[in-house]
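Given next are the chains, with one letter for each unit.
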Amino acid sequence: ARVCARVPWMAGGTFRTAHGGQDGITPDQRAIIEATGPDGFYLACGFSGTGFKTSPAVGACVAEMILDGRATTVDISAYTHRRFAEGRPLVGEHPYGSLWR
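Let us now look at the overall build of the protein. Tallying secondary structure elements over the protein gives 3 helices and 2 strands in all. Tracing the protein from N to C terminus, the helices and strands come up as α-β-β-α-α. Computed over the C-alpha atoms, the radius of gyration of the protein is 19 Å, more than 25% above the 13 Å expected from 2.2 N^0.38 for a compact globule of 101 residues. Across its three principal directions, the C-alpha atoms of the protein cover 55 × 25 × 25 Å. Taken over 101 residues, the protein has a buried fraction of 22%. Look at the contacts in the protein between residues 6 or more apart in sequence, and 49% of them connect residues 24 or more apart. Of the roughly 7800 Å² that the protein leaves accessible, carbon and sulfur atoms contribute 58%. Computing the positive centroid from 10 side-chain charges and the negative centroid from 9, the protein places the two 15 Å apart.

A word on the environment of Pro 89. With respect to the element layout, Pro 89 can be found in the segment after α3 (82-85). Once residues within four sequence positions are removed from consideration, Pro 89 is found in contact with Asp 28 and Arg 83.

Moving on: the nonpolar core. The tendency in soluble globular proteins is for nonpolar side chains to be buried as a group. Core analysis: the largest hydrophobic core is formed by 9 residues, namely Ala 31, Ile 33, Phe 47, Val 58, Cys 61, Val 62, Met 65, Ala 71 and Ile 76. No other element matches the 4 residues that helix α2 (residues 51-68) contributes to this core. Every residue in contact with Ile 76, bar those within four places of it in the chain, is listed here: Ile 33, Cys 61, Met 65 and Ala 71.

Here we come to the pattern of salt bridges. One pass over the full model with this rule turns up 3 salt bridges. Close ionic contact of Arg 82 with Glu 34 constitutes a salt bridge, the shortest N to O distance being 3.0 Å. Here the residue Arg 82 occupies a position in helix α3, and Glu 34 occupies one in strand β1 (residues 32-35), the gap between them amounting to 48 residues. Using a relative accessible area of 40% as the deciding quantity, one classes Arg 82 as partly exposed. Assessed through its relative accessible area of 7%, Glu 34 is described here as buried.

What follows is about the side chain of Glu 64. If you trace the backbone, Glu 64 turns up in helix α2. Although Glu 64 is buried, it forms no salt bridge, and the closest oppositely charged side chain is Arg 70 at an N-O distance of 7.7 Å. When near neighbours in sequence (up to four residues on either side) are disregarded, Glu 64 contacts Gly 69, Arg 70, Ala 71, Thr 72 and Thr 73.

A few words on the confidence of the model for the protein. Summing up the model confidence of the protein, the mean pLDDT is 87 and the portion of residues at 70 or higher is 94%. Here helix α1 (residues 2-6) stands out as the element of the protein with the lowest mean pLDDT, 87, in contrast to α3, whose mean of 96 is the highest.

Conventions we followed
Residues numbered from 1 in each chain as written. Predicted model: local features only at pLDDT ≥ 70, side-chain atom pairs only at ≥ 80, totals over all residues. Heavy atoms only, no water. Helix = DSSP H or I, 4+ residues; strand = E, 2+ residues; numbered from the N terminus. Rg over C-alpha atoms; globule rule 2.2 N^0.38 Å. Buried < 20%, exposed > 50% of the residue type's maximum accessible area, 1.4 Å probe, protein only. Contact = heavy atoms within 4.5 Å. Areas by Shrake-Rupley, 256 points an atom, 1.4 Å probe, with all protein chains shown as cover. Lys, Arg positive; Asp, Glu negative; His and termini not counted. Charge placed at Lys NZ, Arg CZ, Asp CG, Glu CD. Core = buried A, V, L, I, M, F, W, Y, C linked by side-chain atoms within 4.5 Å. Salt bridge = Lys/Arg side-chain N within 4 Å of Asp/Glu carboxyl O. pLDDT = per-residue confidence, 0-100.

This is the structure in structure tokens:
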């Protein structure tokens, strides 16, 4: 109803399709970027829709992790998956609203 109030011609539209599934996002809505598990296993996940914006920097950091053993361009140590078990979710200067109600 709110969309049609702003864009009246939308009232004539029909529902065509939908997709239901899992969203690849973490509880604090920040990515996981780290080397973990067996040797050669790297995680770069949980970006949801923001991955395309940060992919150049993430790619550079993961390449550094693979080649040098750690990211050197930027300190990404806070992006570990362990932060959830340790109760240290990442919160930015302008935090997102909660998706988990």
